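Listed below are the residues making up each chain.
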Amino acid sequence: MEEESDNITNNMTLSKPQVIEIKRSVNNSGHNNNPNEVPVMTNTTNGNTTTITPPPKDHDDDNDNEDDDEIPVIDLSNPNTEQLLHQILRACTTWGFFQLIHHDIPPSLIQSYRKSKARFFSLPYETKLKLKRNAQNARGYFDDELTKRRRDWKEALDVGVPGSRDWGISDFDERNACLDGWNQFPTEEECPNFREVTVQYFEECAKLSNRLARLMACALGITEEKEKKSGSGSGEDAAAQILDRMVLDHTSYLRMNYYPPCDLKCLNDNDASSSSTTTAENGPPPLGISPHRDAGFLTILLQDDNCHSLQVARFEDSDLGHDNSWVTVKPIPGSVTINTGDMAMIWSNGIFRAPLHRVLTDPTKKRYSSPFFYNPGYNELISPLDCCSSCSSDTNKNTKKEMIKMKKKYRPCLWGYFRALRFAGDLTDLGVEIQTSHFKMDNTTTSDHIEKQDEFRKVVNFEENFNVE
């Protein structure tokens, strides 16, 4: 059964079903607002359409909590391919989050990485400041990031895939330059084995991301057989083949976060700007990270087991909401947490949900986390898949289903442009942060970002670092 599972995830070949279509109600915002609503799947083979019955409920399966008050848990080693795809489909279209167990990242590596990361953040502040990111380099150490124009309560270090794709080349070699800049690591003397362990963990995350992206594609009906029938490289096939290009050209990065305890008594001494920090006198403590959606395709998050601070929104289209609108993610020991990003939402024509989430502070506990952001190539135009621009519809309950065409909800989005502007918004307050809504087709006026990204593509060299200034 192991061999069958590996073949499916690596080669996108399905024994059953050949094509999976999604019949679901997609609202004007482009995704499912109701985490309790399960997408209906149909199996289309040789022109005949039959309903795929959802897997029988297992009362020991966390995926099927009756009240759905926690994000799903998915076992990647599940030999039942149909059930695995159904679970991934449901998770990506409802919550946009799930916990993943049996993910094949070695536990010993995770343990070494956790220790190495903690050693880095324990370095003297002056040592970390030598690695400070800036307007010319998006990679390195920082403690002053803005999320939705509010300063985060954290320290962090960003490490990305080298421009040369070769970790053996010196980080400051000109061949390693790219739009995001170049990596900055502490010296071996300052933090022994830090670079080696970080690179190993990075590559394991990249491998897992590729596997998950292909499973997500399978759940949307994209198979290896369908891709091979393409000769034109246009339409659905061009959008589907992004997965193959991402293996070679992805521009992913790994972020190491440290959230120190946030004591209300100390907030008045905080050196952050008054516009981004609240004090004990005028409100609640600042957030570790303010409400946001991840920009890329998918995220693999490694969390601490004993401090539960990540929260997922149960509402949409607002950064507000009541306390009971947020659900705290309680990580299962040994798991990683997966969420879909903005590019996957555009790629799926809004079928996949890019969920709003935030990170709380804790008055007494310190916390570490590591999100790995799996991102397309800088020059990749992300467009909705053709297969996600149609759905099956019942014209009459007693008649056969027929296919109807749905309007594409998004214009093509250039990842390099989206990423550059999102980083600029993280570094400094631009007034308005770029969002997928700027690329929606149903806007009454076309966003100026469409024209600007075309110009950006003409003038920017993606093999050189982008200067925010």
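The model shown is predicted, which means the values in this text are computed figures rather than measured ones.

Caption draft 1: Focus on the side chain of Arg422. Looking at the element boundaries, Arg422 is found in helix H10 (residues 415–427). Reaching out from Arg422, the side chain makes a polar contact with the backbone oxygen of Arg293 at a distance of 3.2 Å. Aside from chain neighbours lying at most four places away, what touches Arg422 is Arg293, Ala295, Asp342, Glu433, Ile434 and Gln435.

Caption draft 2: A look at the sheet that holds strand E14 (residues 326–328). Pairing within the open sheet is antiparallel, and its four strands lie in the order E11-E16-E13-E14. At either end of the open sheet lies a strand with only one pairing partner, and these are strand E11 (289–292) and E14. The mean inter-strand angle of the sheet, taken between neighbouring strand axes irrespective of direction, is 20°. For E11 and strand E16 (residues 357–359), the ladder comprises two bridges, and the chain directions are antiparallel. Bridge pairing links His292 to His357 in E16.

Caption draft 3: Structural detail: the packing of helix H3 (residues 107–121) against helix H5 (residues 194–219). Running from N to C, H3 and H5 cross one another at 130°; their axes reach a closest spacing of 9 Å. With respect to H5, the axis of H3 lies oblique. As for the relative orientation of H3 and H5, their crossing is left-handed in sense. When H3 is examined against H5, the residues Leu109, Ile110, Ser112, Tyr113, Ser116, Lys117 and Phe120 are found in contact with a partner set consisting of Phe194, Val197, Thr198, Gln200, Tyr201 and Glu204. Per-class residue counts for the contact of H3 with H5 are seven nonpolar, four polar and two charged.

Caption draft 4: Inspection of the side chain of Asp304 at higher detail. Take Asp304: it is sitting in the loop between strand E12 (298–303) and strand E13 (310–313). Take Asp304: its relative accessible area is 11%, and that puts it in the buried class. Looking at Asp304, its side chain comes within polar contact range of the main-chain nitrogen of Tyr368, at 2.8 Å.

Caption draft 5: Expanded view of the pattern of salt bridges. According to the stated counting rule, one finds 16 salt bridges in the structure shown. Note that Asp304 and Arg114 form a salt bridge whose closest N and O atoms lie 3.6 Å from each other. With a gap of 190 residues between them, Asp304 in the loop between E12 and E13 and Arg114 in helix H3 connect regions that are remote in the sequence. Judged by its relative accessible area of 21%, Arg114 falls in the partly exposed class.

Caption draft 6: Structural view of the nonpolar core. Leu100, Phe120, Tyr201, Phe297, Trp347 and Phe352 are the most contacted members of the largest nonpolar core, which has 86 residues in total. It is H5 that provides the largest number of residues to this core, a total of 15 residues. Beyond its immediate sequence surroundings of up to four residues, Phe297 is in contact with Ala213, Met216, Leu243, Met246, Thr340, Gly341, Met343, Ala344, Trp347, Tyr374 and Asn375.

Caption draft 7: Structural detail: H3. Along its 15 residues, H3 runs 22 Å from first to last C-alpha, staying within 8% of the 21 Å computed at 1.5 Å per residue. Of the residues making up H3, those classed as buried are Leu109, Ile110, Tyr113, Ser116, Lys117, Phe120 and Phe121. Viewed end-on, H3 has its buried residues packed into an arc of 130°, placing them on one side of the element. Every exposed residue of H3 that faces more than 90 degrees away from the buried side is listed here: Pro107 and Ser108.

Caption draft 8: Structural context of the confidence of the model for the protein. Averaged over all residues, the pLDDT of the protein equals 77, while 67% of them reach at least 70. Predicted confidence is poor over residues 230–236, with pLDDT under 50, and the contacts of this stretch with residues over four places away or in other chains come to eight contacts.

Caption draft 9: Region of the structure containing the sheet that holds strand E9 (residues 155–160). Strand order across the open sheet formed by eight strands is E4-E5-E15-E12-E17-E10-E9-E6, with mixed pairing between neighbours. Strands with a single pairing partner mark the edges of an open sheet, and in this sheet they are strand E4 (73–75) and strand E6 (140–142). Pairwise comparison of adjacent strand axes, ignoring direction, gives a mean angle of 25° for this sheet. Summarising the sheet, E6 and E9 pair through three bridges and their orientation is antiparallel. Paired with Gly140 across the strands is Asp158, a residue of E9.

Caption draft 10: Representation of the packing of aromatic side chains in the model. Going through the model one piece at a time under the given rule, you end up with 18 aromatic pairs. Between Phe120 and Tyr141, the aromatic rings sit 6.4 Å apart at their centres with planes inclined by 65°, giving edge-to-face as the arrangement. With Phe120 in helix H3 and Tyr141 in strand E6, this pair connects stretches of sequence that are 21 residues apart. Using a relative accessible area of 0% as the deciding quantity, one classes Phe120 as buried. Ring geometry for Trp415 and Phe418: centres 6.3 Å apart, planes at 25°, overall stacked. Taken as a pair, Trp415 and Phe418 lie in helix H10 at a separation of three residues, close to a single helical turn. Taken individually, Trp415 and Phe418 each receive the classification buried, so the pair is uniform in this respect. Stacked on the ring of Phe142, the Lys or Arg Arg133 has its end atom at 3.6 Å from the ring centre.

Caption draft 11: Geometry of the environment of Tyr378. By the element assignment, Tyr378 lies in the loop between strand E17 (367–374) and strand E18 (381–382). Residue Tyr378 is classed as buried on the basis of its relative accessible area, which comes to 8%. For the pair Tyr378 and Asn461, spaced 83 residues apart in the sequence, the C-alpha separation amounts to 9.9 Å. For Tyr378, the residues in contact, after removing those within four places along its chain, are Arg139, Cys178, Leu179, Asp180, Thr251, Leu414, Trp415, Gly416 and Phe462. At 2.8 Å, the side chain of Tyr378 forms a polar contact with the side chain of Asp180.

Calculation notes
Residues numbered from 1 in each chain as written. Predicted model: local features only at pLDDT ≥ 70, side-chain atom pairs only at ≥ 80, totals over all residues. Heavy atoms only, no water. Helix = DSSP H or I, 4+ residues; strand = E, 2+ residues; numbered from the N terminus. Polar contact = N/O pair within 3.5 Å; in protein donor to acceptor, adjacent residues only side chain to side chain. Contact = heavy atoms within 4.5 Å. Pairing = 2+ DSSP bridges. Axes fitted to C-alpha atoms, helices over the stretch in contact; angles between N-to-C directions. Parallel < 35°, antiparallel > 145°, perpendicular 65-115°, else oblique. Left-handed = near helix turned anticlockwise from the far one by under 90°. Nonpolar A, V, L, I, M, F, W, Y, C, P; charged D, E, K, R; others polar. Buried < 20%, exposed > 50% of the residue type's maximum accessible area, 1.4 Å probe, protein only. Salt bridge = Lys/Arg side-chain N within 4 Å of Asp/Glu carboxyl O. Core = buried A, V, L, I, M, F, W, Y, C linked by side-chain atoms within 4.5 Å. Expected span 1.5 Å × (residues − 1). Arc of directions from axis to C-beta. pLDDT = per-residue confidence, 0-100. Phe/Tyr/Trp six-rings, centres within 6.5 Å; stacked < 30°, edge-to-face > 60°. Lys NZ or Arg CZ within 6 Å of the ring centre and 35° of its normal.

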